[in-house]
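These are the residues of each chain, in order.
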Amino acid sequence: MTLHKVPAAEDAYVPSERRIARERYRRGRTRRAIAIAATSTLVAGAALFVLITNSPGWSRTKETFFSAHYARVAFPQVLEGLWLNLRLLAVCGAAVLVLGLLLAVARTLRGPVFFPLRALATAYTDFFRGLPLIICLLMVVFGVPALRLEGVTTDPVLLGGSALVLTYSAYVAEVFRAGIESVHPSQRAAARSLGLSSWQALRFVVLPQAVRRVVPPLLNDLVSLQKDTGLVSIAGAVDAVYAAQIIASKDFNYTPYVVAGLVFVALTIPMTRLTDWVTARMDRRRAQRGLV
């Protein structure tokens, strides 16, 4: 028996003339949109540059905030102080996630026997979400040493990090709680019908789904925590902000503050783009699965 091989060219898809014209039109429209956006951006940037540089106080502002000399002096010391901010971000971020998850679980426990635990978790969350972070830092950093308790640290770094954990765990707890409550009750009921206990259903069924759903807002909170680590400078901890303050206070030139701000921006932008990418990826997966 002889087998006849069909040429591959006959199976190849050949787009119609209308489709080719439509795709050509879309590409042209995209190129025009990019050109218009680039032109408008250049025009707006040039107008803003001319407006700022021609202002009466620009020369003095440039010398005070954008001095190349003070930027070169401040940059190494700001980077050295930034190491403290990064360590605070790593340690406080891990502590915030753990404490926030525990608070969220406590608020979602069922049954009257857990009412005191739910009430305490709710009170904690409401209090620290309403309390400004700067006030929490001042109360912890200066209030705890004033108590003169035996065995309690007076290290400004540890106290400042504790204040960050207290405040941000309240926000993260609400994020986790929203994720837990977004899981349909049928998931828990199905797990119980398979013989899992309430704790096992929460651990193996509810929490994995809840955590996946709240990854983008958790990353947003991490970005905010990264910026707010600079507030520990009010306690005297030599981080990037306090290093800039030391240099600025010597000659009353504020360029070091600008350098410190740009360093934080350089760290924040990649994390923000990562958050956007994760959010878009999760949205595409929900759309492919038909989830709302």
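This text gives an overview of the structure that appears in the document. (Residues numbered from 1 in each chain as written. Predicted model: local features only at pLDDT ≥ 70, side-chain atom pairs only at ≥ 80, totals over all residues. Heavy atoms only, no water.)

### Thoughts on the overall build of the protein
Scanning the protein from terminus to terminus reveals 12 helices and 0 strands. Taken over the C-alpha trace, the protein has a radius of gyration of 28 Å; the compact-globule value for 292 residues is 19 Å, which it surpasses by more than 25%. For the protein, the spread of C-alpha atoms along the principal axes amounts to about 95 × 70 × 35 Å. Taken over 292 residues, the protein has a buried fraction of 32%. Nonlocal contacts in the protein, meaning residues at least 24 apart in sequence, comprise 75% of its contacts between residues at least 6 apart. By element, 65% of the accessible surface of the protein is carried by carbon and sulfur atoms, the whole surface being about 19000 Å². The averaged location of the 17 negative side-chain charges in the protein is 9 Å from the averaged location of its 33 positive side-chain charges. (Helix = DSSP H or I, 4+ residues; strand = E, 2+ residues; numbered from the N terminus. Rg over C-alpha atoms; globule rule 2.2 N^0.38 Å. Buried < 20%, exposed > 50% of the residue type's maximum accessible area, 1.4 Å probe, protein only. Contact = heavy atoms within 4.5 Å. Areas by Shrake-Rupley, 256 points an atom, 1.4 Å probe, with all protein chains shown as cover. Lys, Arg positive; Asp, Glu negative; His and termini not counted. Charge placed at Lys NZ, Arg CZ, Asp CG, Glu CD.)

### Brief notes about the layout of surface pockets
If you add up the space inside the second largest pocket, you get close to 180 Å³. Every residue along the wall of the second largest pocket is listed here: T108, L109, R110, F114, R188, R192, S198, W199 and L202. Contributing elements (two or more residues each) for the lining of the second largest pocket: α8 (185–193) and α9 (198–213). At 3 residues, the largest contribution of residues to the lining of the second largest pocket is made by α9. By residue class, the composition of the lining of the second largest pocket is 4 nonpolar, 2 polar and 3 charged. (1 Å grid on protein atoms, 1.4 Å probe; cavity = no way out; pocket = protein on both sides within 12 Å on 5 of 7 lines; lining within 4 Å. Points joined across faces, edges and corners; volume = space filled by probe spheres on them. Nonpolar A, V, L, I, M, F, W, Y, C, P; charged D, E, K, R; others polar.)

### Points about the pattern of salt bridges
Where charged atoms from two side chains of opposite charge come close, those side chains can pair. Taken as a whole and assessed by the stated rule, the structure comprises 7 salt bridges. Note that R60 is salt-bridged to E63, the shortest N-O span being 3.7 Å. Taken as a pair, R60 and E63 lie in helix α3 (residues 58–65) at a separation of 3 residues, close to a single helical turn. A relative accessible area of 55% means that R60 is categorised as exposed. (Salt bridge = Lys/Arg side-chain N within 4 Å of Asp/Glu carboxyl O.)

### A short note on empty space enclosed by the protein
Overall, the coordinates contain 1 cavity of 30 Å³ or more when judged by the stated rule. Taken as a whole, the largest cavity encloses approximately 30 Å³ of empty space. Around the largest cavity, the lining residues are L82, N85, L86, L89, Q226, T229, F264 and L267. Considering only residue class, the lining of the largest cavity consists of 5 nonpolar, 3 polar and no charged.

### Regarding a positive patch on the surface
Where like charges cluster on the molecular surface, the positive patch consists of R18, R22, R24, R26, R27, R29, R31 and R32. As for its placement among the helices and strands, R27 is situated in helix α2 (residues 17–53). A relative accessible area of 44% places R27 in the partly exposed class. (Patch = residues over 30% accessible without salt bridge, like charges linked within 9 Å, V, L, I, M, F, W, Y side chains within 5 Å.)

### Details of the packing of helix α4 (residues 68–108) against helix α11 (residues 240–251)
Contact pair α4 / α11: the axes reach a minimum separation of 6 Å and the direction vectors enclose 150 degrees. Taken together, α4 and α11 sit at an angle that is classed as roughly antiparallel. On α11, the residues that touch Y70, V73, A74, Q77, V78, G81, L82 and N85 of α4 are A240, A243, A244, I247 and D251. Partitioning the contact of α4 with α11 into residue classes produces 9 nonpolar, 3 polar and 1 charged. (Axes fitted to C-alpha atoms, helices over the stretch in contact; angles between N-to-C directions. Parallel < 35°, antiparallel > 145°, perpendicular 65-115°, else oblique.)

### Concerning the environment of V278
Looking at the secondary structure, you find V278 in helix α12 (residues 255–289). Along the sequence, V278 and A33 sit 245 residues apart, while their C-alpha atoms lie 26 Å from each other. Setting aside residues no more than four positions away along its own chain, V278 makes contact with V215, P216 and L219.

### As for a nonpolar patch on the surface
On the surface, a cluster of nonpolar side chains totalling about 510 Å² of accessible area is made up of I134, I135, L138, M139, F142 and I234. Checked against the element boundaries, L138 lands in helix α6 (residues 133–147). Look at L138 and you get partly exposed, because its relative accessible area is 38%.

### Description of the packing of aromatic side chains
Enumeration over the complete set of coordinates arrives at 6 aromatic pairs. Seen from their ring centres, Y124 and F128 are 4.7 Å apart, and the 50 degrees between their planes marks the pair as tilted. Of this pair, Y124 and F128 both sit in helix α5 (residues 115–130), 4 residues apart, which is roughly one turn of that helix. Judged by relative accessible area, Y124 falls into the buried class, the value being 18%. The exposure class of F128 is buried, given its relative accessible area of 12%. Residues Y168 and Y171 carry aromatic rings whose centres are separated by 6.3 Å and whose planes lie at 55 degrees to one another, so their mutual orientation is tilted. Taken as a pair, Y168 and Y171 lie in helix α7 (residues 156–182) at a separation of 3 residues, close to a single helical turn. A residue is classified by how much of its surface remains accessible, and Y168, at 8% relative accessible area, is buried. By the ring-pair criterion, three or more aromatic residues cluster together here, those being F65, Y254 and Y257. (Phe/Tyr/Trp six-rings, centres within 6.5 Å; stacked < 30°, edge-to-face > 60°.)

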